[in-house]
Amino acid sequence: MVYETVTDIDQLVARLRSYQPDADLGMIRKAYEFSVRAHQGQTRRSGEPYVQHPVAVAGVLTLLKTDVAAVVAGLLHDTLEDTVATADELEREFGKEVVHLVDGVTKIGKITFRSSEEKQAENFRKMVLSMADDIRVVIIKLADRLHNMRTLEHLGENKRQEISQETLEIYAPLANRIGIGWVKNELEDLCLKHLKPDVYEALRVSVAKRDEDRQQYIQEVGALVQKAVEDNGLLGAIYGRPKHLYGIYQKMKKQSISFDEVYDLTALRIITDTKMNCYAVLGVIHSLWRPLPGRFKDYIAIPKSNLYQSLHTTVVGPKGEHVEFQIRTEEMHRVAEYGIAAHWKYKEQDRIDDKDSKAFGWLRQFVEWQKDLPDNRQFMDSVKLELFHDVVYVFTPKGSVKELPKGSTPVDFAYAIHTEVGDHCVGAKVNGKIVPLKHEVASGDTIEILTSTSQTPHKDWLKFVRTSRAKTKIKHWIKSEEQIRSLEIGRRLLEAELRRHGLAPAQVFKSGQLLEAAKHEGYETADELVAAVGFGHVATAQVVGRLAAPAPVGAPAAEPPSRPKPAVGKSGDKGIQVKGARDLLMQLSRCCSPVPGDRILGYITRGRGLTIHAVDCPNLEALDYDRERLVEVEWDTATPGRHSVKVAVIAEDKTGVLANVSSAIAECQANISRAEIITREDRKAELDFIVEIADTAHLNRVMKAIERVNGVITARRVRSWQERS
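Cut-off values and rules
Residues numbered from 1 in each chain as written. Predicted model: local features only at pLDDT ≥ 70, side-chain atom pairs only at ≥ 80, totals over all residues. Heavy atoms only, no water. Helix = DSSP H or I, 4+ residues; strand = E, 2+ residues; numbered from the N terminus. Buried < 20%, exposed > 50% of the residue type's maximum accessible area, 1.4 Å probe, protein only. Contact = heavy atoms within 4.5 Å. Areas by Shrake-Rupley, 256 points an atom, 1.4 Å probe, with all protein chains shown as cover. Axes fitted to C-alpha atoms, helices over the stretch in contact; angles between N-to-C directions. Parallel < 35°, antiparallel > 145°, perpendicular 65-115°, else oblique. Left-handed = near helix turned anticlockwise from the far one by under 90°. Nonpolar A, V, L, I, M, F, W, Y, C, P; charged D, E, K, R; others polar. Pairing = 2+ DSSP bridges. Salt bridge = Lys/Arg side-chain N within 4 Å of Asp/Glu carboxyl O. Arc of directions from axis to C-beta. pLDDT = per-residue confidence, 0-100. Core = buried A, V, L, I, M, F, W, Y, C linked by side-chain atoms within 4.5 Å. Phe/Tyr/Trp six-rings, centres within 6.5 Å; stacked < 30°, edge-to-face > 60°. Lys NZ or Arg CZ within 6 Å of the ring centre and 35° of its normal.

### What to know about the overall build of the chain
Broken down by element type, the chain carries 27 helices and 21 strands. Burial statistics for the chain: of 725 residues in total, 48% are counted as buried. In the chain, the proportion of contacts linking residues at least 24 apart, taken out of those at least 6 apart, comes to 66%. Only carbon and sulfur atoms are counted for the fraction: they give 50% of the accessible area of the chain, which is about 36300 Å².

In structure tokens, the structure reads:
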């Protein structure tokens, strides 16, 4: 549902007054006038005065029924970054609370980062910390992003794609996580519009055409339900639900079906008066039509983590059509519309009411991760994993509910309870039966963890655990153990070498000589040097040689050299630049098959040289706790080359599709080195191609050309050579 954009101060004041009649409207007008003066002479890319943007952002905040301070902050949110206004000036005019909110949403523009990805990660990290302090920060940030997405057509294509991708990866899932479904849906639809304009337009036209054909059907179904509800003495208001284009697109892509095969586009929402009557209305609907197995979800008994509650069911309605129903109370509907905003109950110290604190559990997790994961790439990967997951709800033996990502295992559950339980987990019982630790748990399972003090985390657990918490804790334990082991090995090696040179190990370790040697080698502490010896990074002879040959008395102290700067080597045949080495044996990983344009990292494999992985390769994820063996690499853009990529296409099984797809690939100057065709029983064809391309930009052109072919349902790049479509 797209809500009308607010364009002037009178509309804004009217909206605020509609839900907060006693609001300080003078403060709103004062903030508007301040914003007008501050942004005087500034215009947006569309040519309209810049102040239209903060007014529209404040308008979105009134839809979410935020308080006066948040609306004022929405009007002022760009003043600290884009105008000469100062924080002191804002505080004098509007108070500390407003300055705190404005500062929380001010963009990070003064720090130089190594890459746009790192800047994005750092911005998000700052936002997480700000919203943990005051959740209104993220509400304002989402309102800002929503209006920017609504006016994105005034930017260039590359910028539109970049902003849309970031919105799809971060902001839409965030809106979902805090329960504001309409913001999430609108953001996703706008992202689809700019990332895949052809797909968006085709779906928009198809949905509009089908809606025309189905309005009468929806009215008939609604009338039947209304009569049945009233005949049973129940209250219920019935509404049609708006169509979510991105959701339809995802369903088509996931199930490899065409639009005509999406059968459950008819959707109705029923609002009743009590929780008990939600179940009574459900019974009425199921008495009218047969429910589809596996399509009933009870989010009233087990609410989502963002406190969303509703009953979902899909039935085979009149004429065999699939009809989806959502059944909820007015209060549940308010939470579904406004999310966490519906649960603000601030005390004098601006704290959330205790009974609503569980809605912020995921936020506390983010704060923990930003402390545990100093590496920005790992932090963003963890955040995206948690934001995008489908969830299962499982029980402890005492009946407490735990929410986990779909695909989680007993080890994930153990770490969700406590780090100690996870570290010492030796087995698990699911519903009373012993299961393997890599067993995937399902909603409704009761899980009991078996522990032993002698058990410690296994490196193999990283291959199947699903949650970021479990991965982080396992990697931390392994890294700590490796550090301890390296210290022990390094100490034994140094002791042996010291004795060989006639030096007393105990005396050397107690004196400051080892620390001096460490600083000369570029390490901060003696333990770091000893661990480096244990890892094999520094030779014992090199250390002991320095200890055994002190500088002559009176000689000036030598400046400790900085650690050597990495050289840059090239591998001409692979078109890759390597930081820190020359002439390395190198190979591209076949598990992810990176091509120029993909973000890549090198991993040193003993005896096999350097393996180049895409940064999102799952195998790399399982290895990256060993940071010492990761090498920064980048594509050498000066070295042209052709790279083989597997492309999997699902198409309708009809004459000419293969020829048209092949022609589309050829027209993009890409060569097909191999093609395989399989015809399925459902009258679909699987077309697998090995295509030679120059880089990811070339591949994107090829994919878009394939998607435009009449009869093609989906087309995707396949990372692994072993993976089939």
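### With respect to the packing of helix α4 (residues 68-76) against helix α7 (residues 96-105)
Packing of α4 against α7 brings their axes to within 9 Å, and their N-to-C directions diverge by 50 degrees. In terms of orientation, α4 and α7 fall into the oblique class. In the crossing of α4 with α7, the sense of the turn from one axis to the other is right-handed. Contacts between α4 and α7 pair A69, A70, V72, A73 and L76 from the former with E97, V98, L101 and V102 from the latter.

### Structural notes on the packing of helix α3 (residues 52-63) against helix α9 (residues 136-150)
Here α3 crosses α9 at 125 degrees, and the two axes come no closer than 9 Å. In terms of orientation, α3 lies oblique with respect to α9. For the crossing formed where α3 meets α9, the hand is right-handed. From α3, Q52, H53, A56, V57, V60 and L61 reach across to α9, where they touch I139, I140, A143, D144, L146, H147, N148 and R150. Looking at the contact of α3 with α9, its residues break down into eight nonpolar, four polar and two charged.

### Topic: unusual backbone geometry
Phi at S256 is positive, roughly 55 degrees, even though this residue is not glycine. Position of S256 relative to the elements: it lies in the loop between α13 (245-255) and β2 (266-272). In this structure, Q669 is a non-glycine residue whose phi angle is positive, near 60 degrees.

### Topic: the environment of Y393
Assignment of secondary structure puts Y393 in strand β7 (residues 391-395). In this structure Y393 comes out as buried when scored by relative accessible area, which is 7%. Counting along the chain gives 49 residues from Y393 to A442, while the straight-line C-alpha distance between them is 7.3 Å. If we ignore the near neighbours within four places in the chain, the residues touching Y393 are Y299, I302, P303, K304, S305, V401, K402, E403, A442, S443, G444 and D445.

### Quick word on the sheet that holds strand β10 (residues 433-435)
Strand order in the open sheet formed by three strands is β10-β9-β11, and the pairing between neighbours is antiparallel. A strand with exactly one partner marks an edge of an open sheet, and here the two such strands are β10 and β11 (447-451). Between one strand axis and the next, the sheet turns through 35 degrees on average, direction left out of account. Bridge analysis of strand β9 (residues 425-430) against β10 gives three bridges, and the strand direction is antiparallel. Its bridge partner being in β10, A428 is matched across the sheet by V435. Across the sheet, helix α18 (residues 410-417) lies against β9, β10 and β11, angled at about 80 degrees from β11, the strand it touches most.

### Structural notes on the pattern of salt bridges
Within this structure, the stated rule accounts for 22 salt bridges. In this structure, R150 engages E186 in a salt bridge whose closest nitrogen and oxygen atoms are separated by 2.7 Å. Remark: E186 occurs in helix α11 (residues 181-195) and R150 occurs in helix α9; sequence separation between them is 36 residues. Of the charged contacts in the structure, one is a salt bridge between R334 and E331, with a shortest N-O distance of 3.1 Å. Taken together, the positions of R334 and E331, both in helix α15 (residues 330-338) and three residues apart, correspond to about one turn of that helix. Classification of E331 as partly exposed rests on a relative accessible area of 41%. Taken together, the salt bridges that share partners define one network made up of D67, E97 and R136.

### As for helix α22 (residues 513-520)
Taken together, the buried positions of α22 are occupied by L514, A517, A518 and H520. Down the axis of α22, the buried set is contained in an arc of 160 degrees. They therefore lie on one face. Downstream of α22 by one or two residues, G522 has phi in the positive range, about 95 degrees.

### A short note on the confidence of the model for the chain
Put simply, the chain has an average pLDDT of 79, and 79% of its residues get 70 or more. The spread of mean pLDDT over the elements of the chain runs between strand β12 (residues 568-571), the lowest at 42, and helix α14 (residues 275-288), the highest at 94. The low-confidence segment residues 345-356 (pLDDT under 50) makes 16 contacts with residues lying over four places distant or belonging to another chain. Below a pLDDT of 50 lies the segment residues 551-573, which in the model reaches 28 contacts outside its immediate sequence neighbourhood of four places, other chains included.

### Comments concerning the nonpolar core
Membership of the largest hydrophobic core comes to 73 residues, with the highest contact counts inside it found for I28 and L76. Among residues more than four places away in sequence, those in contact with I28 are I9, L12, V13, L16, V68, V71, V72 and L75. V595, A664, V702 and V709 belong to the second-largest nonpolar core, a separate cluster that totals 24 residues.

### Focus: the sheet that holds strand β21 (residues 712-718)
Spatially, β19-β20-β18-β21 is the arrangement adopted by the four strands of the open sheet, whose pairing is antiparallel. On the outer flanks of this sheet lie β19 (671-679) and β21, each paired with one strand and no other. Strand-to-strand twist across the sheet, computed as the mean angle between neighbouring axes with direction ignored, equals 20 degrees. Relative to β21, strand β18 (residues 643-652) is paired through six bridges, and the arrangement is antiparallel. Across the sheet, residue V647 finds its bridge partner in β21, namely R717. Those strands touched by helix α26 (residues 657-667) are β18, β19, β20 (684-693) and β21, and its axis lies near 20 degrees from that of β20. Lying over the sheet, helix α27 (residues 696-707) contacts β18, β20 and β21, oriented at roughly 160 degrees with respect to β21.

### Points about the packing of aromatic side chains
Under the definition given, this model contains four aromatic pairs. Taking the centre distance of 6.1 Å and the plane angle of 45 degrees together, the rings of Y246 and Y249 count as tilted. Taken as a pair, Y246 and Y249 lie in helix α13 at a separation of three residues, close to a single helical turn. The pair formed by Y246 and Y249 is uniform in burial state, with each residue classed as buried. Centroid distance W289 to F325: 6.4 Å. Interplanar angle 15 degrees. Geometry classified as stacked. Remark: F325 occurs in strand β6 (residues 322-329) and W289 occurs in the loop between α14 and β3 (290-291); sequence separation between them is 36 residues. Here W289 falls in the buried class, since its relative accessible area comes to 12%. Here the basic side chain of K30 rests over the ring of F94, its NZ or CZ set 5.4 Å away from the ring centre. The ring of F509 has R491 sitting right over it, with the charged end atom 4.0 Å from the ring centre.

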